[in-house]
Amino acid sequence: ENNLLKAIEQDEVEVVQVHGTDITPAMVCQLSSLLKKNKSVKKLEIINSSMSNAGAFFLGAALRVNSTISQLDLSGSSIGNKGLEHIANAISTNNTLEYLGLSKNGIGALG
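Report on the accompanying structure. (Residues numbered from 1 in each chain as written. Predicted model: local features only at pLDDT ≥ 70, side-chain atom pairs only at ≥ 80, totals over all residues. Heavy atoms only, no water.)

Side note on the overall build of the protein chain
Moving on, step 1. Along the backbone of the protein chain there are 4 helices and 4 strands.
Moving on, step 2. Expected size for 111 residues packed as a compact globule is a radius of gyration near 13 Å; at 13 Å, the protein chain falls within 12% of this value.
Moving on, step 3. Based on the C-alpha atoms only, the size of the protein chain along its principal axes is roughly 40 × 30 × 20 Å.
Moving on, step 4. Within the protein chain, buried positions represent 43% of all 111 residues.
Moving on, step 5. Counting only carbon and sulfur atoms, one obtains 49% of the accessible surface of the protein chain, whose full area is about 5800 Å².
Moving on, step 6. Separation of charge centres in the protein chain, based on 9 positive and 10 negative side chains, amounts to 5 Å. (Helix = DSSP H or I, 4+ residues; strand = E, 2+ residues; numbered from the N terminus. Rg over C-alpha atoms; globule rule 2.2 N^0.38 Å. Buried < 20%, exposed > 50% of the residue type's maximum accessible area, 1.4 Å probe, protein only. Areas by Shrake-Rupley, 256 points an atom, 1.4 Å probe, with all protein chains shown as cover. Lys, Arg positive; Asp, Glu negative; His and termini not counted. Charge placed at Lys NZ, Arg CZ, Asp CG, Glu CD.)

The following block contains the structure:
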């Protein structure tokens, strides 16, 4: 994981895939702080993880300022309605995002 974070920090990677891991909100916070400055990542997948709505809050902060991510898939990441709210608020000011995957997130009628 440290190699991945280093590659993101140095703008050396275009696709970031985190599948089936117990990614904590603190890990998403660290990833998000790098994505705020990153100019190379175009596709971000955090799939079947335990990111939760707290992680979605941090990721939303990155999406507000990131200008390269065009594809984001958070399928199965347990973000729920509150996490969706964080992401929706962020992408309302993001002009780059073209695809957003949110299946299997426990999003109800309120989301």
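Resuming the write-up.
So, the packing of helix 3 (residues 52-65) against helix 4 (residues 80-91)
Moving on, step 1. Here helix 3 crosses helix 4 at 0°, and the two axes come no closer than 8 Å. Viewed along their axes, helix 3 and helix 4 adopt a mutual orientation that is roughly parallel. Mapping the contact onto sequence places Asn53, Ala56, Phe57, Leu59, Gly60, Leu63 and Arg64 in helix 3 and Lys82, Gly83, His86, Ile87, Asn89, Ala90 and Ile91 in helix 4.
Moving on, step 2. Residues of the contact of helix 3 with helix 4, tallied by class, amount to 7 nonpolar, 5 polar and 2 charged. (Axes fitted to C-alpha atoms, helices over the stretch in contact; angles between N-to-C directions. Parallel < 35°, antiparallel > 145°, perpendicular 65-115°, else oblique. Contact = heavy atoms within 4.5 Å. Nonpolar A, V, L, I, M, F, W, Y, C, P; charged D, E, K, R; others polar.)

Describing the packing of aromatic side chains
Moving on, step 1. Under the definition given, this model contains 1 aromatic pair.
Moving on, step 2. The interplanar angle of 70° and the centroid separation of 5.5 Å between the aromatic rings of Phe57 and Phe58 together place this pair among those described as edge-to-face.
Moving on, step 3. Taking relative accessible area as the criterion, Phe57 reaches 45% and is therefore assigned partly exposed. (Phe/Tyr/Trp six-rings, centres within 6.5 Å; stacked < 30°, edge-to-face > 60°.)

A closer look at the environment of Leu4
Moving on, step 1. Tracing the sequence through the fold places Leu4 in helix 1 (residues 2-9).
Moving on, step 2. Taking the relative accessible area as the measure of exposure, Leu4 reaches 28% and is therefore partly exposed.
Moving on, step 3. Along the backbone, Leu4 and Lys82 are 78 residues apart, and their C-alpha atoms lie at a distance of 28 Å.

As for the sheet that holds strand 4 (residues 99-101)
Moving on, step 1. Ordered by their spatial adjacency, 4 strands build an open sheet running 1-2-3-4, and the pairing between neighbours is parallel. The sheet terminates laterally at strand 1 (15-19) and strand 4, the two strands that pair on one side only. Going across the sheet, the axis of each strand differs from the next one's by a mean of 5°, ignoring polarity.
Moving on, step 2. Bridge analysis of strand 2 (residues 43-47) against strand 3 (residues 71-73) gives 3 bridges, and the strand direction is parallel. (Pairing = 2+ DSSP bridges.)

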